Amino acid sequence: MTSQDSLKRDAAAKALEFVRPGMKLGLGTGSTAEAFVDLLAPLVRDGLDVTGVATSERTALKARALGIALDELDRLAPLDLTVDGADEADHSLDLIKGAGAALLREKIVAASSREMIVIADESKLVAQLGKFALPVEIIPFGQATTLARIARACAALGYRDVKATLRRKDGALVRTDSGNLVCDCAFGAIKDAAALGAALSAVTGVVEHGLFIGIATMLIIAHPGRVEIIRRTG
Ligand code: 5RP
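To keep things clear, this report deals only with the structure shown in the data block.

Each value, and the rule that gives it
- Residues numbered from 1 in each chain as written.
- Predicted model: local features only at pLDDT ≥ 70, side-chain atom pairs only at ≥ 80, totals over all residues.
- Heavy atoms only, no water.
- Salt bridge = Lys/Arg side-chain N within 4 Å of Asp/Glu carboxyl O.
- Helix = DSSP H or I, 4+ residues; strand = E, 2+ residues; numbered from the N terminus.
- Pairing = 2+ DSSP bridges.
- Axes fitted to C-alpha atoms, helices over the stretch in contact; angles between N-to-C directions.
- Near = heavy atom within 4 Å.
- Polar contact = N/O pair within 3.5 Å; in protein donor to acceptor, adjacent residues only side chain to side chain.
- Nonpolar A, V, L, I, M, F, W, Y, C, P; charged D, E, K, R; others polar.
- Buried < 20%, exposed > 50% of the residue type's maximum accessible area, 1.4 Å probe, protein only.
- Phe/Tyr/Trp six-rings, centres within 6.5 Å; stacked < 30°, edge-to-face > 60°.
- Lys NZ or Arg CZ within 6 Å of the ring centre and 35° of its normal.
- Core = buried A, V, L, I, M, F, W, Y, C linked by side-chain atoms within 4.5 Å.
- Contact = heavy atoms within 4.5 Å.

This brings us to the pattern of salt bridges. Using the criterion set out here, one finds 10 salt bridges in the structure. Notably, a salt bridge pairs Arg 58 with Glu 34, separated by 2.6 Å at the nearest N-O pair. Of this pair, Arg 58 sits in helix α3 (residues 57-65) while Glu 34 sits in helix α2 (residues 31-45), and the two are 24 residues apart along the sequence.

This is the structure:
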């Protein structure tokens with residue numbers, strides 16, 4: 001296990017302390033969220049009664065294989081708690097998510113939860129969002145026109161020459177679990193995440209963007225030898 005993997009595990013282990021019997025849990029996507037699922041599974045085998053809602057097919061497969069009961073969001077909502085990772089998190093608990101192409105379901109599940117705990121190693125905690133290219137999920141139809149509208153919306157906010165690149169894997173366009181595409185928008189630095197999020201949401205052809213603003217209620221950040229908890233205030 002790399003030292004980064006062990007930090008992810010430390011953050012995941014701390015999040016487990018907030019899980020109570022009978023909870024309805026949103027299960028995030030990505031390596032850190034999977035560390036949480038790995039640690040939750042033995043507790044479930046020992047009788048902890050929780051039901052999960054997976055934020056991706058990948059997480060659903062893993063949770064089922066480990067014996068964690070899953071159900072549909074619409075049957076369980078509102079959820080008690082969602083535990084998920086992030087690509088970047090700032091001290092206001094605003095996030096960039098979507099490197100795993102699961103941002104849409106992740107946001108729906110988190111928005112349907114009373115609490116969202118974000119778990120991450122210290123490399124994800126940043127002073128300002130935007131170094132990590134922002135994932136934006138778009139409809140495949142008319143994709144080039146949507147990319148052009150995204151670029152115009154960004155330019156109107158002062159972000160000139162933002163590169164919006166359709167994500168590919170092994171040469172093929174990446175499809176989300178909902179059959180959409182993902183474009184990654186390189187901002188460098190995001191000055192006003194709320195304004196950018198609102199502008200992107202208004203672009204025709206955009207399904208969802210990876211800015212999670214005002215959703216997370218707690219960050220659990222693992223540093224070597226200690227775990228930091230940052231709570232939402234107000
Ligand atoms: C997936 C996500 C992940 O939570 C994010 O990419 C972090 O992943 P990891 O824990 O593997 O670094 O948003 O869409």
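That was the structure; now back to the text.
With mixed pairing, the six strands of this open sheet are ordered in space as β2-β1-β3-β6-β14-β15. One side of each edge strand has no neighbouring strand; the edge strands of this open sheet are β2 (51-54) and β15 (226-231). Neighbour to neighbour, the strand axes of the sheet diverge by 20° on average, direction disregarded. Of the pairings in the sheet, the one linking strand β1 (residues 24-27) to strand β3 (residues 79-84) comprises three bridges and is parallel in character.

Take the site of the ligand next. In the vicinity of the ligand lie 16 residues, with Ser 31, Thr 32, Asp 87, Gly 98 and Lys 124 positioned nearest. For the ligand, an oxygen atom lies 2.9 Å from a polar atom in the backbone of Thr 29. At 3.1 Å, a side-chain N or O of Glu 106 approaches an oxygen atom of the ligand. Per-class residue counts for the shell around the ligand are four nonpolar, seven polar and five charged.

In terms of burial, strand β7 (residues 134-138) is a largely internal element, five of the five residues being buried. Taking every second residue as pointing to the same face, both faces of β7 are buried, with Leu 134, Val 136 and Ile 138 on one and Pro 135 and Glu 137 on the other. Note: β7 against strand β12 (residues 206-209), three bridges, orientation antiparallel. Bridging across to β12, Glu 137 finds its partner in Glu 208.

What follows deals with the packing of aromatic side chains. Per the counting criterion, the structure on display carries one aromatic pair. Ring centres of Tyr 159 and Phe 187 lie 5.0 Å apart, and the angle between their planes is 75°; this geometry places the pair in the edge-to-face category. Linking Tyr 159 in the loop between α6 (143-156) and β8 (163-166) with Phe 187 in the loop between β11 (181-186) and α7 (193-201), this pair joins segments that are 28 residues apart in sequence. With respect to class, Tyr 159 is no different from Phe 187; both count as buried. A cation over an aromatic ring shows up here: Lys 191 above the ring of Tyr 159, its NZ or CZ 4.5 Å from the ring centre.

Here three strands make up an open sheet; going across it, the order is β4-β5-β13 and the pairing antiparallel. Because the sheet does not close on itself, it has two edges, and the strands there are β4 (88-89) and β13 (211-212). As paired strands, strand β5 (residues 95-96) and β13 are joined by two bridges and run antiparallel to one another. Looking across to β13, one finds that Ile 96 is bridged to Leu 211.

To continue, consider the nonpolar core. By size, the foremost hydrophobic cluster in this structure holds 27 residues, and its most contacted members are Val 19, Phe 36, Leu 40 and Ile 119. Contributions of two or more residues to this core are made by α1 (3-16), β1, α2, β3, β6 (113-121) and β14 (218-223). If one sorts the elements of this core by residue count, α2 sits on top with seven residues. Ignoring any residue separated from it by four or fewer positions in sequence, one finds Phe 36 in contact with Ala 12, Ala 15, Leu 16, Val 19, Leu 27, Val 83 and Ile 119.

Turning next to the side chain of Glu 208. Inspection of the secondary structure puts Glu 208 in strand β12. Reaching out from Glu 208, the side chain makes a polar contact with the side chain of Lys 107 at a distance of 2.9 Å. Non-local contacts of Glu 208, meaning those with residues more than four positions away in its chain, are made with Leu 103, Leu 104, Lys 107, Val 136 and Glu 137.

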